[in-house]
Amino acid sequence: MKAVPFKKLGPGLLFAGAAIGVSHLVQSTRAGADFGFGLLWALFLVNIIKYPFFQMGPRYASVTGKSLLDGYYKLGKPVLWVYFFLTLGTMFTIQTAVTIVTAGIAVQLFGISNDIAVWSVAITLLCAAILAIGKYRILDKLMKVIIITLTISTLFAVFFAFRESVTNQGTGTTTDLIQLLPTDGAAIAFLIAFMGWMPAPLDISIWHSLWTLEKRDKGEEAVRNSIFDFNVGYVGAVVLGVCFMTLGALVMYGSGETFSSKGGVFAGQLINMYTASLGTWATVLIGIAAFTTMFSTTLTTLDASPRALEATTRLLGIGFKKKGYLFWLFVLILGTCVILFFLISEMGVLVKLATILSFLTAPFYAICNYLAFRDKEIPEAYRLSLGMRVLSIVSIIALVGFSIWYVITLF
């Protein structure tokens, strides 16, 4: 097979940048800290289950020249309206959550001000300026640098954590690190949330299809490039998920530390614990890995939600003919700032609500993505293979089952 040039990579790395955030830095690290490697099976399982539906985003766009939102529109306007209200109901909370964690890490790394709100606004405005001025082109180039930096710094951190564990015989034996499967209600709830956001909520497949269109490649080669590009980003997200779980297991498991649910406090605890376990030299390394992780998420989510809403409202006939992207970007920034300054005390409840919605709506996105590929206008050569169809159906059943299980645990 002909190699795909590095310059052809782009949307897949944007997918990785959006996915590798709270699910990795916070939840994967916490999974390792609380359960050792006991949830490694869940990480691999959920990535297998979600794989076909995430792949359908770039695949649909490169085959049809349209985004998955066009596929949803063909399924009926009500489907697109459901997506519109789901996005409108969660994007402010998700953007605020990832920005606060990014700001908390910035405080630990750069100082200057300890005010999380000030840092959050500064980071939001910086990301907005990057997007407003450079749009997709600068986002594409910048994300390549961020993902490479993130990968190298994280792999170095894992290497030194392993070396430290071997030198000091870790926090426990190998057996200790491979146990504690969730049994109580709180642990099961964490498992469901962990799987719901690993590697990311399924609506990111729609974002990926929009980014693929921005790449403007067409033809058979475009399909091959987009799938390769996606696989690179997806495998990278899985590997880094394992890395952060490993860091949590080797550095934090058995320490007795209780993590704060507040993003800024959690960031400080994270960096301080690595420093205490690995030495002060680890502060910069872990700080860079953590900051690039969350900055990439903050940047890509700030781009994706306005991009998706602009396309959605245009299809529904209620959008702006011009500057729709900038309008929704402004709305998202304004809503994020309102939460930061007036609703920050309710952040825990808002994030929990967003997490629940993201998890419970996973079957909706999976089914819609699958049905979009049933479109008879898609050439036979580009339709899903038998293996992908079987995996998709099994995965839909699994996602519905997990959702029912989650609802049962709530009551």
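Residues numbered from 1 in each chain as written. Predicted model: local features only at pLDDT ≥ 70, side-chain atom pairs only at ≥ 80, totals over all residues. Heavy atoms only, no water.

A short note on the overall build of the chain
Now for step 1: Secondary structure summary: the chain contains 15 helices and 0 strands in total.
Now for step 2: The burial tally for the chain puts 58% of its 411 residues in the buried class.
Now for step 3: Excluding contacts between residues fewer than 6 apart, the proportion of contacts in the chain whose partners are at least 24 apart in sequence is 86%. (Helix = DSSP H or I, 4+ residues; strand = E, 2+ residues; numbered from the N terminus. Buried < 20%, exposed > 50% of the residue type's maximum accessible area, 1.4 Å probe, protein only. Contact = heavy atoms within 4.5 Å.)

Description of the pattern of salt bridges
Now for step 1: In total, this model carries 5 salt bridges according to the counting rule given.
Now for step 2: A salt bridge links Arg314 to Glu310, with the nearest nitrogen and oxygen atoms 3.6 Å apart. With a gap of 4 residues between them, Arg314 and Glu310 both fall in helix H11 (residues 282–316), about one helical turn apart.
Now for step 3: One continuous salt-bridge network, built from bridges that share partners, spans Lys74, Asp375 and Glu377. (Salt bridge = Lys/Arg side-chain N within 4 Å of Asp/Glu carboxyl O.)

What to know about a nonpolar patch on the surface
Now for step 1: On the surface, Phe330, Leu334, Val338, Phe341, Phe342 and Leu343 cluster together into a nonpolar patch covering about 630 Å² of accessible area.
Now for step 2: With respect to the element layout, Phe342 can be found in helix H12 (residues 324–342).
Now for step 3: Judged by relative accessible area, which is 65%, Phe342 ranks as exposed. (Patch = residues over 30% accessible without salt bridge, like charges linked within 9 Å, V, L, I, M, F, W, Y side chains within 5 Å. Areas by Shrake-Rupley, 256 points an atom, 1.4 Å probe, with all protein chains shown as cover.)

Overview of the confidence of the model for the chain
Now for step 1: A residue-level look at the chain finds 82% of positions with pLDDT of 70 or above and a mean pLDDT of 80.
Now for step 2: Counted against residues more than four places away or in other chains, residues 170–175, with its pLDDT under 50, gives 5 contacts. (pLDDT = per-residue confidence, 0-100.)

Looking at helix H3 (residues 40–64)
Side chains of residues three or four places apart in an α-helix project in the same direction, reflecting 3.6 residues per turn.
Now for step 1: Compared with an ideal rise of 1.5 Å per residue, which puts 25 residues at 36 Å, H3 spans 37 Å between its outermost C-alpha atoms and is within 8% of the ideal.
Now for step 2: Its axis deflected by about 45° at Tyr51, H3 carries its strongest bend there, up to four residues before the proline Pro52.
Now for step 3: Counted residue by residue, H3 has 18 buried out of 25 residues, so it is predominantly covered.
Now for step 4: After H3 finishes, the residue Gly65 shows a positive phi value of roughly 75°. (Expected span 1.5 Å × (residues − 1). Bend = angle between axes of the 7 residues up to and from the residue.)

Quick look at the packing of helix H5 (residues 77–110) against helix H14 (residues 362–372)
If you want to describe how two helices pack, look at the angle between their axes and the distance between the axes.
Now for step 1: Axis separation between H5 and H14 bottoms out at 12 Å; the angle between their running directions is 140°. On the basis of the axis angle, H5 is oblique to H14. Crossing handedness for the pair H5 and H14: left-handed. From H5, Val79, Val82, Tyr83 and Leu86 reach across to H14, where they touch Phe364, Tyr365 and Cys368.
Now for step 2: Of the residues assigned to the contact of H5 with H14, the class counts are 7 nonpolar, no polar and no charged. (Axes fitted to C-alpha atoms, helices over the stretch in contact; angles between N-to-C directions. Parallel < 35°, antiparallel > 145°, perpendicular 65-115°, else oblique. Left-handed = near helix turned anticlockwise from the far one by under 90°. Nonpolar A, V, L, I, M, F, W, Y, C, P; charged D, E, K, R; others polar.)

A few points about the environment of Val284
Now for step 1: By the element assignment, Val284 lies in helix H11.
Now for step 2: C-alpha separation for the pair Val284 and Gln108, spaced 176 residues apart in sequence, amounts to 9.8 Å.

Details of the packing of aromatic side chains
Now for step 1: With the rule as written, the count across this model stands at 16 aromatic pairs.
Now for step 2: Here the aromatic rings of Tyr60 and Phe373 are separated by 5.8 Å at their centres, their planes lie at 75°, and the arrangement is edge-to-face. Taken as a pair, Tyr60 in helix H3 and Phe373 in the loop between H14 and helix H15 (386–410) lie far apart in primary sequence, 313 residues in all.
Now for step 3: Exposure remark for Tyr60: the relative accessible area of 2% places this residue in the buried category.
Now for step 4: Judged by its relative accessible area of 4%, Phe373 is buried. (Phe/Tyr/Trp six-rings, centres within 6.5 Å; stacked < 30°, edge-to-face > 60°.)

A few points about the packing of H11 against H12
Now for step 1: At their nearest, the axes of H11 and H12 sit 8 Å apart, and the two run at 130° to each other. Of the possible angle classes, the one that applies to H11 and H12 is oblique. For the crossing formed where H11 meets H12, the hand is right-handed. Counted together, Thr301, Leu302, Asp303, Ser305, Pro306, Arg307, Leu309, Glu310 and Thr313 of H11 and Gly324, Tyr325, Trp328, Leu329, Leu332 and Ile333 of H12 form the full contact between these two elements.
Now for step 2: Considered class by class, the residues forming the contact of H11 with H12 number 8 nonpolar, 4 polar and 3 charged.

Details of the environment of Tyr325
Now for step 1: Mapped onto the elements of the fold, Tyr325 is located in helix H12.
Now for step 2: Between the alpha carbons of Tyr325 and Glu310 there is a distance of 5.4 Å; along the sequence they are 15 residues apart.
Now for step 3: Discounting residues that sit within four places of it in the chain, Tyr325 has contacts with Leu131, Asp303, Pro306, Arg307 and Glu310.

Considerations on the environment of Lys322
Now for step 1: Take Lys322: it is sitting in the loop between H11 and H12.
Now for step 2: Expressed as a C-alpha distance, the spacing of Lys322 and Glu310, which sit 12 residues apart in the sequence, is 9.6 Å.

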